[in-house]
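Structural overview for review
In case you want the letters, here they are:
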Amino acid sequence: MRKYLLASAASLGLMVAASGAAHAQAAKAPAPGQIVVHLNGLLNDQINMIGATGDNVQGGNKLNPIGMAGFLRLYPGFDATTENGIEYGVAAELRTTYSSAGVGIHESTAGTSGVTGLAIRRAYAYIGTPQTGFVRFGQTDGIWWLLSTGEYYNFGDGNLWNSDGGVGSSVPNQDHPSGLFTSSGVLYTTNKIVYISPDVAGFKAGFDFEPNSNGFKEGESCSLTTDCATLSSAAGGAGNARRKNTVTGGLEYSSEFSGTGVTLAVDYLHAAPIGVSSGGVTATGYTFNGYKSMGIAEFSGQVKYAGFTLGANVKTGQVNDGYTFLLPGQRDLLFYEVTGIYDFGPYTVGAYYFNQQSAGAYTLGSSYGRTATNYGIAVGANYALSKNLGLYATYLYGHRHQAGYNFISNSATVATGYDNVQSQAFSLGAALKW
């Protein structure tokens, strides 16, 4: 008879992170015939202090430098093992959704502002064994994240400049530096199939396939419009973000030498844009040249020794900010990040620096500089009062520059200094994870 167990909170630990969904299978498989049910969660709340170039010039509005931000995330699911040793399960992530500012309310109603409830961020199943490897299918992280390293979320508020929550999300968009981070919602919220091989002498390989850049129930009802999930081409294209036939492959090597842990990984992501089917002219008469295919290489590594972690992550290829497609004449992107973390007892301190050179707003023949430069610094400190309760402090500094481009108005109307903007943010908060 199958036995049902409830996961112990003591086994979860405290990790102030964007998601607990970075494993290909359960960290510890249940015994044959058992199923372990999870209903885990994370509540994060913090007080923020923010200063930015555009915090008092946008349409006459001025921002309060002090505010609060927070979120609730739930991780329901289960892990199980069949009588003959096959591991399988389901994992999901539910998040509080974004909404316009206003008087707080307790439910979502049309035309109102405030708290709007929960949305599915991840939802996937897995099946396999340590000897044959594991298959994932659903709305999930792919190889781009699962077989990579050098990008971390276990210090500070757990989000930093990735802005998957935390103080970075509260920095005005115009002043927020752009980075091609590995953990990105435009990649892990899509429906895909993923395979990760067994560990062979420290090596793991994997690949994934995503036919359309849609999550569950997105574009499922098709009436031959641009809302269709299976769209292949459209009269004016479908924008610079919608992908088709995304394929990712990766290889990772991990080992330990004289007490020093080493991990190295290489990944490659390729995707095609939705094509143009009417001669390349939009409704406004603009001649559309068509987006180039997306091709990105990722090289990453980490070294761990005596509580220290040093990581690096480099990405380069035919892509623009936010994993969007390039037009002809736009430059390729280069992103690199270097991180150092030290864990000692209940304390963690960490810092990183990232730099991105991309096409940004430049298009062929425009008056903007050909390169947009974004860089950011993140510093964080954490104290775990227990495995389920932690306090943290986060400091962020960000800078953006593209000659001739006004970041505050998002246009070429140059106002002195607004093609060169910066921001700083500091926060104190608490995270409770179960």
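Residues numbered from 1 in each chain as written. Predicted model: local features only at pLDDT ≥ 70, side-chain atom pairs only at ≥ 80, totals over all residues. Heavy atoms only, no water.

1. Overview of the overall build of the chain
Helix and strand content of the chain: two helices and 19 strands. When the 434 residues of the chain are sorted by exposure, 47% land in the buried category. Considering only residue pairs separated by 6 or more positions, the chain has 67% of its internal contacts joining residues 24 or more positions apart. Carbon and sulfur atoms make up 61% of the accessible area of the chain, which totals about 20,100 Å². (Helix = DSSP H or I, 4+ residues; strand = E, 2+ residues; numbered from the N terminus. Buried < 20%, exposed > 50% of the residue type's maximum accessible area, 1.4 Å probe, protein only. Contact = heavy atoms within 4.5 Å. Areas by Shrake-Rupley, 256 points an atom, 1.4 Å probe, with all protein chains shown as cover.)

2. Things to note about the packing of aromatic side chains
Following the criterion strictly, the structure yields 20 aromatic pairs and no others. Aromatic side chains Phe344 and Tyr347 sit 5.4 Å apart centroid to centroid with 20° between the ring planes, which places their arrangement in the stacked category. Residue Tyr347 is classed as partly exposed on the basis of its relative accessible area, which comes to 38%. Residues Tyr375 and Tyr397 carry aromatic rings whose centres are separated by 6.3 Å and whose planes lie at 45° to one another, so their mutual orientation is tilted. Of this pair, Tyr375 sits in strand 17 (residues 372-386) while Tyr397 sits in strand 18 (residues 389-401); the two residues are 22 residues apart in sequence, bridging distant segments of the chain. The partly exposed category is assigned to Tyr375, whose relative accessible area is 23%. For Tyr397, a relative accessible area of 16% gives the class buried. Stacked on the ring of Phe71, the Lys or Arg Arg73 has its end atom at 3.9 Å from the ring centre. (Phe/Tyr/Trp six-rings, centres within 6.5 Å; stacked < 30°, edge-to-face > 60°. Lys NZ or Arg CZ within 6 Å of the ring centre and 35° of its normal.)

3. Notes on the confidence of the model for the chain
For the chain, per-residue confidence averages 88 on the pLDDT scale, and residues scoring 70 or more make up 86% of the total. The low-confidence segment residues 1-23, where pLDDT is below 50, has 70 contacts with residues more than four positions distant or belonging to other chains. A low-confidence stretch, residues 282-287 (pLDDT under 50), is modelled with four contacts involving residues beyond four sequence positions or located in other chains. (pLDDT = per-residue confidence, 0-100.)

4. So, the side chain of Asn44
One can find Asn44 in strand 2 (residues 34-52). Of note is the side chain of Asn44, whose polar atom sits 2.3 Å from the side chain of Tyr392. (Polar contact = N/O pair within 3.5 Å; in protein donor to acceptor, adjacent residues only side chain to side chain.)

5. Some thoughts on the nonpolar core
Residues Ile296 and Tyr352 are the most contacted members of the largest nonpolar core, which totals 33 residues. For this core, the secondary structure elements donating two or more residues are helix 1 (143-146), strand 7 (191-196), strand 11 (260-273), strand 13 (294-305), strand 15 (333-344) and strand 16 (347-358). For this core, the element with the most residues is helix 1, which contributes four residues. Excluding anything up to four places from it in sequence, Tyr352 contacts Phe155, Leu160, Trp161, Asn162, Phe181, Glu337, Val338, Thr339, Gly376, Ile377 and Ala378. (Core = buried A, V, L, I, M, F, W, Y, C linked by side-chain atoms within 4.5 Å.)

6. What to know about the pattern of salt bridges
Oppositely charged side chains can pair when the atoms bearing their charge come close. By the definition in use, this model includes eight salt bridges. With its nearest N and O atoms 3.4 Å apart, the salt bridge here joins Asp164 to Arg121. Highlighted residues: Asp164 in the loop between helix 1 and helix 2 (185-188) and Arg121 in strand 5 (residues 118-129), separated in sequence by 43 residues. Where Arg122 meets Asp141, a salt bridge forms, and the shortest distance between an N and an O atom there is 2.7 Å. Of this pair, Arg122 sits in strand 5 while Asp141 sits in the loop between strand 6 (133-139) and helix 1, and the two are 19 residues apart along the sequence. The network of salt bridges with common partners includes Glu93, Arg95, Arg121, Arg122, Asp141 and Asp164. (Salt bridge = Lys/Arg side-chain N within 4 Å of Asp/Glu carboxyl O.)

7. Remarks on the state of the cysteines
Within this structure, the stated rule accounts for one disulfide. Bridging Cys222 to Cys228, the disulfide has an S-S length of 2.1 Å. Judged by the torsion about the S-S bond (90°), the Cys222/Cys228 disulfide is right-handed. Cys222 sits in the partly exposed class, given a relative accessible area of 43%. (Disulfide = S-S within 2.5 Å.)

8. A word on the environment of Ile274
Considering the arrangement of structural elements, one finds Ile274 in the loop between strand 11 and strand 12 (275-276). Assessed through its relative accessible area of 4%, Ile274 is described here as buried. For the pair Ile274 and Tyr291, spaced 17 residues apart in the sequence, the C-alpha separation amounts to 8.5 Å.

9. What about unusual backbone geometry?
The backbone phi angle of Ala201 is positive, close to 55°, even though this residue is not glycine. Along the polypeptide, Ala201 turns up in the loop between strand 7 and strand 8 (203-212). Phi is positive for Ala306, close to 50°, though the residue is something other than glycine. Mapped onto the elements of the fold, Ala306 is located in the loop between strand 13 and strand 14 (308-318). Residue classification places Ala306 among the exposed positions, given a relative accessible area of 54%.

10. Here we look at a nonpolar patch on the surface
The grouping of Phe203, Leu251, Val266, Phe299, Val303, Leu310, Val314, Leu334, Tyr336 and Val338 at the surface amounts to a nonpolar patch, some 790 Å² of accessible area in total. Per element, the largest residue contribution to the nonpolar patch is three residues, and it comes from strand 15. Examined against the element boundaries, Leu334 turns out to sit in strand 15. (Patch = residues over 30% accessible without salt bridge, like charges linked within 9 Å, V, L, I, M, F, W, Y side chains within 5 Å.)

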